[in-house]
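# Overview (structure and organization)
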There are 2 protein chains.
Amino acid sequence: MNTAYHHGDLRRALIDAAVEAIGETGTGALSLRAVAKRAGVSHAAPAHHFGDKAGLLTAVAAEGFDRFADALEGVWEATGDFAEVGVAYVRFAIDNRAHFEVMFRPELTHQDDPELRRAAARSGAVLDRGADRTDTEGDALGYRPAALAAWSLVHGFAELAIAGNFSPEVMADPEAALREIARKLRFD
Amino acid sequence: MNTAYHHGDLRRALIDAAVEAIGETGTGALSLRAVAKRAGVSHAAPAHHFGDKAGLLTAVAAEGFDRFADALEGVWEATGDFAEVGVAYVRFAIDNRAHFEVMFRPELTHQDDPELRRAAARSGAVLDRGADRTDTEGDALGYRPAALAAWSLVHGFAELAIAGNFSPEVMADPEAALREIARKLRFD
DNA sequence: TCCATAACTTGACAGTGTCAAGTTCTAGTC
DNA sequence: GACTAGAACTTGACACTGTCAAGTTATGGA
């Protein structure tokens, strides 16, 4: 089966190879040809499955959003604690840097791709659902300040952690630090 | 003076051209040769001043951190209100997307560049100074939860706003939204 | 006036994404 | 079981990229 043609599931293999490569060298240094080589196929094989480079990254982002939604949903259903959803948010970001990086960098992907939109919407829904309970005000504003605050806090923590802006003390146990921080957020 | 050689202040012109180009197409699509063309010089001229592409972006980041520190310091000295420093943080991010993007993407720059380190340290100092007042706990932890919370909240808001993740209602007046959100943060 | 050196150019190289055209396999029909 | 349409992949080419080595031109000080 491992003949030259018909890899079996090249699409999957290419996504995995891309995630691997991004994990090692970041999105900036990502090369489609290197991804192809990693998967053992010719340099133009990715284009056949994904159209172009952004297409491949779009698939990575969509997969990321789906796994992200799974993780958040799981924690929300298990604990019913929105703060724990926040912890899961940063845990996902740190454990899946490659996916996370692509998910929140719109210029890398085809933002209008239906698969991507669907997966991203799933993630958004989980966050909204959790936030609804605590948010009583804000209908006049057109947005929910408490939800925005929680999202910003958690997302900022994740980005700063990933970018290496935090001290070793914080990075020694990021989840503990986030729990400490989340206590500063009061909804009344 | 505007002869082929000795542009006058090509270094400046190249930084400006880079910021312009990033503002139009993002860091991903930034081309050193396009920057050179924009400044009216040969394709290898940037390398002479900055060594390589990361060198140019390092200069952009350093300039960004200096202006950032100026802006934050100005607001802090004028108002003494740390929440207003936060507003200035996101205003800078939105008004200077190109600089901001490069400042917080370490893989784009030479992280060990002394100029960059100095400028980044300046920004850090302003944020620390403002946070000190409100932060009484945390010495045992090795970090200050209140300061971390404020930084995460503000940085996350800025990143999400820039990446286009917020609704039109929020983006209609981001500063108002941030002020609303910041009220959720209580230090006691 | 001379000349060391800074400022920039020219030309080349390997690597990149993308496209068009070719090849090889698979699956379904007769 | 042979035939064929189309999917899966390769090959080769193109323009563009960052970087380097070598060349050219200007400047400022002795």
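Refer to the preceding data block for the structure.
Read on for a plain summary of the structure. (Residues numbered from 1 in each chain as written. Chains lettered and ligands numbered in written order. Predicted model: local features only at pLDDT ≥ 70, side-chain atom pairs only at ≥ 80, totals over all residues. Heavy atoms only, no water.)

Because an α-helix completes one turn every 3.6 residues, residues spaced three or four positions apart along the sequence face the same direction. All names here are of chain A. With 14 residues, helix α5 (residues 82–95) extends 20 Å from end C-alpha to end C-alpha; this agrees with the ideal 20 Å at 1.5 Å per step. Taken residue by residue, α5 has F82, V85, G86, V87, A88, Y89, V90, F92 and A93 as its buried positions. A distance of 2.9 Å separates the backbone nitrogen of A83 from a side-chain oxygen at the start of α5, and that oxygen is part of D81. (Helix = DSSP H or I, 4+ residues; strand = E, 2+ residues; numbered from the N terminus. Expected span 1.5 Å × (residues − 1). Buried < 20%, exposed > 50% of the residue type's maximum accessible area, 1.4 Å probe, protein only. Polar contact = N/O pair within 3.5 Å; in protein donor to acceptor, adjacent residues only side chain to side chain.)

All right, on to the side chain of A:T58 then. Assignment of secondary structure puts A:T58 in helix α4 (residues 53–79). Sequence-distant contacts of A:T58, that is, excluding residues within four places in its chain, are made with A:T109, A:H110, A:D113 and A:L116. (Contact = heavy atoms within 4.5 Å.)

Turning our attention to the protein's contact with DNA strand D. Lining the immediate environment of DNA strand D, one finds 22 residues, of which A:H7, A:S42, A:H49, B:L32 and B:R33 sit closest. Looking at DNA strand D alone, sugar and phosphate atoms form 63% of those within 4 Å of the protein. Here A:H43 contributes a side-chain N or O atom positioned 2.9 Å from a base oxygen of DNA strand D. With respect to DNA strand D, the side chain of B:S31 contributes an N or O atom lying 3.2 Å from a phosphate oxygen. Secondary structure elements with two or more residues in the surface near DNA strand D: α3 (45–50) of chain A together with α2 (32–39) of chain B. Counting residues per element, the surface near DNA strand D draws most heavily on α3(A), which supplies three residues. Within the surface near DNA strand D, the residues separate by chemical class into nine nonpolar, nine polar and four charged. (Near = heavy atom within 4 Å. Nonpolar A, V, L, I, M, F, W, Y, C, P; charged D, E, K, R; others polar.)

What follows concerns the interface of chain B and chain A. Contacts between the two partners involve 35 residues from chain B and, on the opposite side, 35 residues from chain A. Between chain B and chain A lies a buried interface of about 3,100 Å² when both sides are counted; carbon and sulfur atoms form 65% of it. A per-residue breakdown of the area chain B buries against chain A is headed by B:Y143, B:K184 and B:R186, which together make up 20% of the total. A salt bridge links B:R105 to A:E107; the nearest nitrogen and oxygen atoms lie 3.9 Å apart. Summed over the shared surface of chain B and chain A, the result is two residue pairs in polar contact (both at pLDDT 80 or more). Looking at the side of chain B that touches chain A, the elements with two or more residues in it are α8 (145–162), α9 (168–172) and α10 (174–182) of chain B. (Buried area = accessible area lost by both parts, 1.4 Å probe. Salt bridge = Lys/Arg side-chain N within 4 Å of Asp/Glu carboxyl O.)

All names here are of chain A. Between α5 and helix α8 (residues 145–162), the shortest axis-to-axis distance is 9 Å and the interhelical angle comes to 25°. In terms of axis orientation, α5 runs roughly parallel to α8. For the crossing formed where α5 meets α8, the hand is right-handed. On the side of α5, the interface is formed by F82, G86, Y89, V90, A93 and I94, while α8 contributes A150, W151, V154, H155, F157, A158, A161 and I162. (Axes fitted to C-alpha atoms, helices over the stretch in contact; angles between N-to-C directions. Parallel < 35°, antiparallel > 145°, perpendicular 65-115°, else oblique. Left-handed = near helix turned anticlockwise from the far one by under 90°.)

Bringing the relation of the copies chain B and chain A into the picture now. Once turned by 180° and shifted 0.0 Å along the axis, chain B lies on chain A with an RMSD of 0.0 Å. In short, the pair behaves as if placed about a two-fold rotation axis. Taken together, the interface assignments show that 100% of the residues at the interface of chain B recur at the interface of chain A, consistent with an identical surface on both copies. (Least-squares fit on C-alpha atoms with pLDDT ≥ 70 in both.)

This paragraph deals with the packing of aromatic side chains. Residues and elements named next belong to chain A. In the structure shown here, the tally under the stated rule is 16 aromatic pairs over all chains. Centroid distance Y89 to F100: 6.2 Å. Interplanar angle 80°. Geometry classified as edge-to-face. Separated by eleven residues along the polypeptide, Y89 in helix α5 and F100 in helix α6 (residues 97–103) bring together distant segments of the chain. What makes F100 buried here is its relative accessible area of 2%. Three or more aromatic residues joined by ring pairs form one cluster here, namely F65, F68, Y89, F92, F100 and F104. (Phe/Tyr/Trp six-rings, centres within 6.5 Å; stacked < 30°, edge-to-face > 60°.)

Residues and elements named next belong to chain A. For the pair helix α1 (residues 10–25) and helix α2 (residues 32–39), the least separation of the axes is 9 Å and the interaxial angle reads 120°. By the angle between their axes, α1 is oblique relative to α2. Note that α1 runs across α2; the crossing there is right-handed. Residue-level inspection shows L10, L14, A17, A18, E20, A21 and E24 of α1 in contact with α2, the latter providing V35, A36, R38 and A39. When its residues are assigned to classes, the contact of α1 with α2 shows eight nonpolar, no polar and three charged.

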